[in-house]
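Per-entry structural report
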Amino acid sequence: QHAVGYVSGLASNGAKPILEVMSSFIQRTYDQLSQDFAINKAPATILVFGGGISGTDVTHLGIFDIPMISNIPNLVYIAPTTKEDYLAVLDWSIEQTDYPVAIRVPVAELVSTGKPCTKNFAELNKYEVAQQGGKIAVIALGSFYGMGEQAAKLIEEKTGTAPTLINPYYITGVDTELLESLKKDHDVVVTL
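How each quantity is defined
- Residues numbered from 1 in each chain as written.
- Predicted model: local features only at pLDDT ≥ 70, side-chain atom pairs only at ≥ 80, totals over all residues.
- Heavy atoms only, no water.
- Buried < 20%, exposed > 50% of the residue type's maximum accessible area, 1.4 Å probe, protein only.
- Helix = DSSP H or I, 4+ residues; strand = E, 2+ residues; numbered from the N terminus.
- Pairing = 2+ DSSP bridges.
- Contact = heavy atoms within 4.5 Å.

Taking burial as the measure, the 5 residues of strand S2 (residues 45-49) include 4 buried ones, the bulk of the element. Across 5 bridges, strand S1 (residues 18-22) lies against S2 in parallel orientation. Residue Val 21 lies in a different strand from S2, and its bridge partner there is Val 48. Both S2 and strand S4 (residues 101-104) contribute to a ladder of 4 bridges, which runs parallel. Note that in S4 the partner of Thr 45 across the bridge is Val 101.

Moving on to the environment of Tyr 77. Tracing the chain through its elements places Tyr 77 in strand S3 (residues 76-78). The exposure class of Tyr 77 is buried, given its relative accessible area of 0%. Sequence separation of Tyr 77 and Thr 172 is 95 residues, and the distance between their C-alpha atoms is 5.4 Å. The contact partners of Tyr 77, leaving out residues within four places of it in the chain, are Val 48, Asp 65, Ile 66, Ile 69, Ala 102, Ile 103, Arg 104, Tyr 169, Tyr 170, Ile 171 and Thr 172.

Moving on, we get to unusual backbone geometry. With the exception of glycine, most residues fall at negative phi, and the peptide bonds are largely trans. Phi is positive for Lys 41, which is not a glycine, with a value near 50°. With respect to the helices and strands, the residue Lys 41 is situated in the loop between helix H3 (30-38) and S2. Relative accessible area serves as the criterion here: at 44%, Lys 41 is assigned to the partly exposed category. The backbone of Asn 74 sits at a positive phi, close to 75°, despite the residue not being glycine.

Interpretation note: all reported values are geometric properties and have no functional meaning in isolation.
If you want it as structure tokens, here you go:
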């Protein structure tokens, strides 16, 4: 709680702080995230580690960060999928001065594609269509993106139709235009 308030104060006074925290611990600081960090639009970066189900200790489950953080106004929560995505969103977050940003660091090993990330993270809530297809769309966020790629491949093998594969990146926003466009030629949307 103190750390979130502290980095908010630092950022509000021109510093570029980065706070690393486990998902289960960020859950304990809702007021500071909302009132110090987001309402003040403090342009600091919070790296959220360990999101997901972790062991049998119910006090350390990293499953509540997404529903908690994604509902705080002014806060941008992003889930990169690769090493290149992660480094690009981290660079953007540090350089920008308009938003408080949280980055959900992938739980699995950060896979490198070997290709630079070209996504413009300043265009908030714009999803990326990684593969244009039809009839079926697969939307896979963060650590689930690899599973989304596997699902798309399996769908194509089983149905003979390549699905559309979408990487939403943004946990806190919806690309309404893209989602509405799926209605034209997609019958099923699978979300991971």
